[in-house]
Amino acid sequence: MKIKKSSTIVSTLIVGLSIFSPFANAESLTDQVKKSSDIKVIKSYLENNVANLTNEFLTLKDTSKLDDVEKIIDTYYEEHPAPKQMDDPSISLEDVFPKLMAENEKAFKENKSVLNNFIEDQKENSDLGQVFTYQDGDKSKVDVYLGNTGEISIVEVRTVKEAPKQDTKIEPLYTQKETRVERTTGISYNALGYQMFTLWAEGGFKYNGTNVVSQNIDADWKRHFSGSTLNLMPEVMPKTRAVSIEGHKYVEVYARMRYEAGFGIRWATAVLNSGTVESYVGCSVDGSIYGGIKRVS
C-alpha cells in the first residue's frame, strides 16, 4: 500500500491506497497469513488516526482558520508515521474496509459530484465520516470532512476584500453596487495525511438588481504530492460564465484543474483515477454570493 509523501487537500479528493494484485489467487498460505496480519495493522492505524484526529479537531476554537486546521493535520502525521505494512501494493482500501467501501460506492452513485453537497449531507447523517466547521463571522468558513477510512477533504470560503461602503441615502434599485471579493478553496489529503493539491477561485461582482458582472477575478492551484503518481493540468485559470437557473440570472468565476493519478483520487466517496475538479464563486443579480467545489468529469 505504497503512497509517496507530499510536501504538506477538496474536492473533496483523496488518494486511494492501492490496487488489487493480479496474482492474488496464486498467493501461498504463508502469504495469505501475512497479508491478513498486515491488514489488521493497517486497519488499526487508520482507525486510530480517525479517532485521534477527531479529538484534535475538537480542540480547535470555533473561529479557527484554515492555517490552524492544516497545522493540526501536518503535525499529527509527522508524529504518527505510517507503518511499513502500508508499503505493500497488493493491499487496497477494499481489503481493509470492505463494508465501508461498499457503502461509499453506493453513496457516490446517488449524488456526490459537488463536495459541498456531500459535506452538508454528512453533517446530518455522519454515516461515512464526520464534518468539523470553523467560522469567523462573515470573514471565513472552513468545513473539514474526515472520512471513516481516513481521508480528509476541506472546503474554505472566505472574504478576501470587504465590499465598499454603500451610501446610506435612499438609492434607486438600478444603482450599481459592488460585492465583497470572495474566495472558494478546495484541499485534498490522502489517508496518510499527505496534502495532494489545492485549487481556488475568487471574484467580486457588480450588480443592480437586474444584471450582474464579475470583477477582481483570480484563481490558482498548487501541486503538493511528490513523485510521478499524480499529474495535474490546469485547464481554466480563471474564467467567467453566465448561468441561468429557473429564470434567475447568475454570474460565476471558476477555475478547473484536471488530474491523473496512478493510485486514484478519492472524491467524496469514490476512487477515481482521472477527472476534472472545479472551484467556483458566483453571484446573483441582487448581490448574493455563493461558492463551491465540484467534480466536473
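Treat the numbers as computed from the prediction; the structure is a model and nothing was measured.

Peer 1: Looking at this structure, I do not really get the overall build of the protein. What am I missing?
Peer 2: Along the protein, the regular secondary structure elements total five helices and 12 strands. Residue burial in the protein is summarised as follows: out of 297 residues, 49% are buried. Of the roughly 14400 Å² of accessible surface on the protein, a fraction of 49% belongs to carbon and sulfur atoms.

Peer 1: For this particular structure, what's the right way to read the packing of aromatic side chains?
Peer 2: The relation between two aromatic rings is expressed through the spacing of the ring centres and the mutual angle of the planes. Taken as a whole and assessed by the stated rule, the structure comprises five aromatic pairs. With centroids separated by 5.1 Å and ring planes inclined at 90°, the aromatic side chains of Tyr76 and Tyr77 adopt a geometry described as edge-to-face. A relative accessible area of 5% places Tyr76 in the buried class. Cation over ring: Arg183 sits above Trp200, and NZ or CZ is 3.5 Å from the ring centre. Just above the ring of Tyr254 sits the side chain of Arg241; from NZ or CZ to the centre is 4.0 Å.

Peer 1: I would appreciate a short explanation of the nonpolar core in the present structure.
Peer 2: What tends to happen in soluble globular proteins is that the nonpolar side chains get buried as a cluster. Counting 32 residues, the largest nonpolar core has Phe57, Val69, Val144 and Ile154 as the members making the most contacts within it. With seven residues, helix α1 (residues 29-59) is the single largest residue contributor to this core. Once residues within four sequence positions are removed from consideration, Val69 is found in contact with Phe57, Leu60, Tyr134, Val142, Val144 and Ile154. Ranked by size, the runner-up nonpolar core spans 22 residues in total, among them Phe197, Ala201, Ala255 and Ile293.

Peer 1: I'm lost on the side chain of Ser140 in this one. Help?
Peer 2: Here Ser140 shows up in strand β3 (residues 140-147). On the basis of relative accessible area, Ser140 is assigned to the buried category, the value being 7%. With residues up to four places along the chain from it excluded, the contact list for Ser140 reads Lys65, Tyr134, Gln135, Val157 and Arg158.

Peer 1: Is there a simple way to think about the packing of α1 against helix α2 (residues 66-79) in this case?
Peer 2: Two numbers describe a pair of packed helices, the interaxial angle and the distance between the axes. Relative orientation of the contacting elements α1 and α2 amounts to 145°, with a least axis distance of 11 Å. When you trace α1 past α2, the crossing you get is right-handed. Here Tyr45, Asn48, Asn49, Asn52, Leu53, Glu56 and Phe57 of α1 lie close against α2, whose contacting residues are Val69, Ile72, Ile73, Tyr76 and Tyr77.

Peer 1: Even after reading the chapter, I still don't get the environment of Arg223, so can you show me in this structure?
Peer 2: Tracing the sequence through the fold places Arg223 in strand β8 (residues 212-223). Arg223 gets classed as partly exposed once you look at its relative accessible area, which sits at 33%. It is 6.8 Å that separates the C-alpha atoms of Arg223 and Thr198, two residues lying 25 residues apart in sequence. Beyond its immediate stretch of four places on either side in the chain, Arg223 contacts Met196, Phe197, Leu230 and Leu232.

Peer 1: Explain the pairing of strand β2 (residues 129-136) to me, please; I cannot follow it from the model alone.
Peer 2: For a regular strand, the rule is simple: side chains alternate between the two faces of the sheet. Where β2 and β3 come together, eight bridges link them in antiparallel fashion. Bridge assignment links Val131 to a residue of β3, and that residue is Tyr145. Once β2 ends, the chain turns through three residues before running back antiparallel as β3, passing Gly137 with a positive phi of about 55°.

Peer 1: Honestly, the confidence of the model for the protein in this entry has me stumped. Any pointers?
Peer 2: Detailed reading of the predicted model is not advised wherever pLDDT is low. Per-residue confidence for the protein gives a mean pLDDT of 82, with 80% of residues at or over 70. Here strand β1 (residues 14-15) is the element of the protein with the lowest mean pLDDT, 38, and β2 is the one with the highest, 95. Note that residues 2-24 has pLDDT below 50 and, in this model, 107 contacts with residues that lie over four places away or in other chains.

Cut-offs used in this document
Residues numbered from 1 in each chain as written. Predicted model: local features only at pLDDT ≥ 70, side-chain atom pairs only at ≥ 80, totals over all residues. Heavy atoms only, no water. Helix = DSSP H or I, 4+ residues; strand = E, 2+ residues; numbered from the N terminus. Buried < 20%, exposed > 50% of the residue type's maximum accessible area, 1.4 Å probe, protein only. Areas by Shrake-Rupley, 256 points an atom, 1.4 Å probe, with all protein chains shown as cover. Phe/Tyr/Trp six-rings, centres within 6.5 Å; stacked < 30°, edge-to-face > 60°. Lys NZ or Arg CZ within 6 Å of the ring centre and 35° of its normal. Core = buried A, V, L, I, M, F, W, Y, C linked by side-chain atoms within 4.5 Å. Contact = heavy atoms within 4.5 Å. Axes fitted to C-alpha atoms, helices over the stretch in contact; angles between N-to-C directions. Left-handed = near helix turned anticlockwise from the far one by under 90°. Pairing = 2+ DSSP bridges. pLDDT = per-residue confidence, 0-100.

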